[in-house]
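Listed below, chain by chain, are the residues.
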Amino acid sequence: ASTAEINGTTSTSTKNDKTVLILGGGVAGIIAARTLVEKGITDFLIVEARDELGGRMRSKGLGVKGKRATVELGANWIQGTQEGDGPANPILTLARKHGVKTADSDYESIVTYDETGKVDYLDVLNNAVDAYTNLTVVGGGRVPTKQVDTTCRTGYSLIGVKPKTPQEMVAEYFVDWEYAQTPEQTSWIASSWNNNFTYDVDQGGFSEDNLLSVDQRGFKYLIQAEARTFLKPEQVLLNATVRTIAHSGDGVIVTLANGTRISADYAIFTFSLGVLQNDDVLFEPVLPMWKQEAIQSMTMGTYTKIFLQFKEKFWFDTQFALYADKERGRYPVWQGLDLEGFLPGSGIIFATVTNDYSERVEALSDAQVQAELLDVLHTMFPNITIPTPTAFFFPRWFSDPLYRGSYSNWPASFVSPHHTNLRANVGQRLWFSGEAMSQKYFGFLHGAYFEGMDAGERVADCVLSGGHCKSLPFVESVLNASPYIIQF
Ligand SMILES: Cc1cc2nc3c(=O)[nH]c(=O)nc-3n(C[C@H](O)[C@H](O)[C@H](O)COP(=O)(O)OP(=O)(O)OC[C@H]3O[C@@H](n4cnc5c(N)ncnc54)[C@H](O)[C@@H]3O)c2cc1C
């Protein structure tokens, strides 16, 4: 690997196998690679454990022969549909470029159920939507006034919203389930800006409207097709699981599960926050404490879609249904795909659970989870004999050593300097990217996209300047704005 061959200047190190290793072939990794190519750097290798690119854009063929349909286990929505009048979500731009088939996702196409069957409590839902809007406005307002962060639960209480009934709890769930964690676990300020920067056009967002991919090549087609526009086969190593990353002033040496060692001048790490937290990959030397504290202080949530296929549709004709159980989070949101414009005739419906409930279902057998779902369907539709499903599947994101959850969520105890440290490079050779590094868009595909671009640009600068990297800032210790005073 030599910078000389790129821009004719002196090179830093010429002994390494590659100039750049991109660790992970999800959106961040692919966009980092594209950015390198745009800067004229082609001596890189994407190292990916799975047998395809796409990462958490992950799909699966579900169903019996003759009625098989592609469903999305991971990312499914494009958040914000604005084009022309303001900034567009770059994922939407890619979807348009590669002709990805989408359907309008209409959150108002919804019916409501509780433990007595179908009951109309849309008024409760509308109140929860208004409460959430108010929550994000008041939460966002704490930034300019420098007020301390608290949880969304505290925020809800301060604006006078205290859900108590199963209906109120499920309505609240439906407006903030996207964080994959409860209001007790989520930062009021960060979730407010994350919401506003994505959905509020007045704050630079991409609009409130959402599209759901129903493309039968899988939503991942979008990023795989983009990769095909610039990637050469020799720039990708699939089925290669990284075990250790040794880093020093000379570069990085990555060791794979099969013992292969690959060295490079620079590495861009894009594996999930969950992988970082769980030591699924070991660093040599271990990462500095400021980095470890940042990694362990952010949280990884889990969002689990549980799919059922039946011979025939017997449920609601809307896109969504809510089920209010006494227990918050027990199979609360249902989505029917057997709809015109979606997957008509597929007989597929799915329920979503998050976080603690995701961990709970991952610990059960498929048969147990299926039985619980059928039980809930029986409660929702007391006058129907629920038939046996023809297919059943759910992914176990939390237990998967390549993810350890579905996406990051910002807790109230995570402060801005922690985030600075989470994003910062360690030494000049090891750079971090991926959705969790995005301050504005953590959790989203577009967060991964922008972080991939940013890391690609920064590492390209390092290479093209002959090793004069512009390091990101970090702080050695994250301190309180004012110290605690303990009086005995
Ligand atoms: C269930 C679910 C629903 C979601 N819904 C949406 C949505 O609707 N809209 C939206 O915008 N976002 C959504 N997201 C979030 C979105 O999918 C992610 O933010 C984005 O895909 C992350 O991209 P990334 O490149 O940062 O990470 P990843 O996609 O995780 O890429 C990292 C890659 O590294 C690989 N890897 C991990 N460990 C190793 C190892 N040891 N060795 C080699 N390779 C390794 C992984 O296989 C993966 O391919 C959802 C995610 C999930 C899981």
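Residues numbered from 1 in each chain as written. Predicted model: local features only at pLDDT ≥ 70, side-chain atom pairs only at ≥ 80, totals over all residues.

Undergrad: Got a minute to help me understand the overall build of the protein chain in this structure?
TA: Summing up its helical and strand segments, the protein chain has 14 helices and 22 strands in all. In terms of overall size, the protein chain behaves like a compact globule, its C-alpha atoms giving a radius of gyration of 23 Å where 488 residues would be expected to give roughly 23 Å. Sorting the 488 residues of the protein chain into buried and exposed places 49% on the buried side. (Helix = DSSP H or I, 4+ residues; strand = E, 2+ residues; numbered from the N terminus. Rg over C-alpha atoms; globule rule 2.2 N^0.38 Å. Buried ≥ 20, exposed ≤ 12 C-beta atoms within 10 Å, placed from the backbone.)

Undergrad: I tried to follow helix H10 (residues 289-297) on my own but got confused; where do I start?
TA: Those residues of H10 lying buried are Trp290, Lys291 and Ala294. On an axial view of H10, the arc spanned by its buried residues comes to 100°, and they lie on one face. Among the exposed residues of H10, those pointing more than 90 degrees away from its buried face are Met289 and Gln296. Packing partners of the buried residues in H10 comprise helix H13 (416-423). (Arc of directions from axis to C-beta. Contact = placed C-beta atoms within 7 Å.)

Undergrad: Help me understand the site of the ligand in this model?
TA: Neighbouring residues of the ligand: 39 residues in total, closest Gly24, Gly26, Gly55, Ser406 and Gly434. Of all the elements in the fold, those that place two or more residues in the shell around the ligand are helix H2 (27-38), strand E5 (77-79) and helix H14 (445-464). Looking at side-chain class alone, the shell around the ligand contains 19 nonpolar, 15 polar and 5 charged residues. (Near = placed C-beta within 6 Å. Nonpolar A, V, L, I, M, F, W, Y, C, P; charged D, E, K, R; others polar.)

Undergrad: Help me out: how do you make sense of the sheet that holds E5 in this one?
TA: Picture the strands of a sheet paired through backbone hydrogen bonds; they go either parallel or antiparallel. Read across the sheet, 3 strands follow the order E5-E9-E6 without closing on themselves; strand pairing throughout is antiparallel. One side of each edge strand has no neighbouring strand; the edge strands of this open sheet are E5 and strand E6 (102-105). With direction set aside, neighbouring strand axes in the sheet form an average angle of 30°. Pairing of E5 with strand E9 (residues 210-213) involves 3 bridges; the strand directions are antiparallel. Residue pairing across strands places tryptophan 77 opposite leucine 212, the latter belonging to E9. (Pairing = 2+ DSSP bridges. Axes fitted to C-alpha atoms, helices over the stretch in contact; angles between N-to-C directions.)

Undergrad: In this structure, what is going on with the sheet that holds strand E20 (residues 391-393)? I would like to understand it.
TA: Taken in spatial order, the 7 strands make up an open sheet running E8-E7-E17-E18-E19-E16-E20, and their pairing is mixed. Looking at which strands have only one partner, the edges of the open sheet turn out to be strand E8 (117-118) and E20. Judged from the 4 bridges that link them, strand E18 (residues 333-336) and strand E19 (residues 348-354) form a sheet pairing that is antiparallel. Bridge pairing links glutamine 335 to phenylalanine 350 in E19. Each of strand E7 (110-114), strand E17 (320-324) and E18 is contacted by helix H6 (residues 166-176), which is oriented at about 140° to E17, the strand it contacts most. Along the sheet, helix H12 (residues 366-380) makes contact with E7, E8, strand E16 (303-309), E17, E19 and E20, crossing E16 at roughly 75°.

Undergrad: What is the right way to look at the pairing of E19 in this model?
TA: Where a strand is regular, its side chains alternate between the two sheet faces. Burial analysis of E19 places 6 of its 7 residues in the buried class, the great majority of the element. Across 7 bridges, E16 lies against E19 in antiparallel orientation. Each bridged residue has a counterpart across the sheet, and for glutamine 309 the counterpart in E19 is isoleucine 348.

Undergrad: Please explain the confidence of the model for the protein chain as it appears in this structure.
TA: If pLDDT is low for a region, its predicted coordinates should not be looked at in detail. Summarising the model, the protein chain shows a mean pLDDT of 95, and 97% of its residues fall at 70 or more. Within the protein chain, helix H1 (residues 4-7) has the poorest average pLDDT of any element, 38, and H2 the best, 99. A low-confidence stretch, residues 2-11 (pLDDT under 50), is modelled with 19 contacts involving residues beyond four sequence positions or located in other chains. (pLDDT = per-residue confidence, 0-100.)

Undergrad: Whenever I open this one, the nonpolar core confuses me. Can you help?
TA: The nonpolar side chains of soluble globular proteins are, as a tendency, buried together. Judged by nonpolar contacts, the single largest core of 125 residues is most densely connected at Val20, Leu21, Ala267 and Ile268. A per-element tally of this core places H14 first, with 9 residues. There are two domains that each give this core at least three residues, and those are domain 1 (4-54 + 220-299 + 412-464) and domain 2 (121-211). (Core = buried A, V, L, I, M, F, W, Y, C linked by C-beta atoms within 7 Å. Domains from an automatic or database assignment.)

Undergrad: When you look at the environment of glycine 443 in this model, what are you seeing that I'm missing?
TA: Locating glycine 443 in the fold gives a position in the loop between strand E22 (430-432) and H14. Sequence separation of glycine 443 and tyrosine 407 is 36 residues, and the distance between their C-alpha atoms is 5.0 Å. In this view, glycine 443 contacts Asn194, Tyr407, Ser408, Asn409 and Glu435; residues no more than four positions away in its chain are not counted.

Undergrad: I keep staring at the environment of histidine 468 and nothing clicks. Help me out?
TA: Within the fold, histidine 468 resides in the segment after H14. In sequence terms histidine 468 and proline 144 are 324 residues apart; their C-alpha atoms lie 35 Å from each other.

Undergrad: Help me out: how do you make sense of the domain arrangement of the protein chain in this one?
TA: How large an interface is tends to be reported as the accessible area lost when its parts come together. Parsing the protein chain into structural domains produces domain 1 (4-54 + 220-299 + 412-464) and domain 2 (121-211). Between the C-alpha centres of domain 1 and domain 2 there is a distance of 32 Å. Counting from both sides, the interface comprises 8 residues of domain 1 and, opposite them, 11 residues of domain 2. Among the residues making up the side of domain 1 that touches domain 2, the classes are represented as 5 nonpolar, 2 polar and 1 charged.

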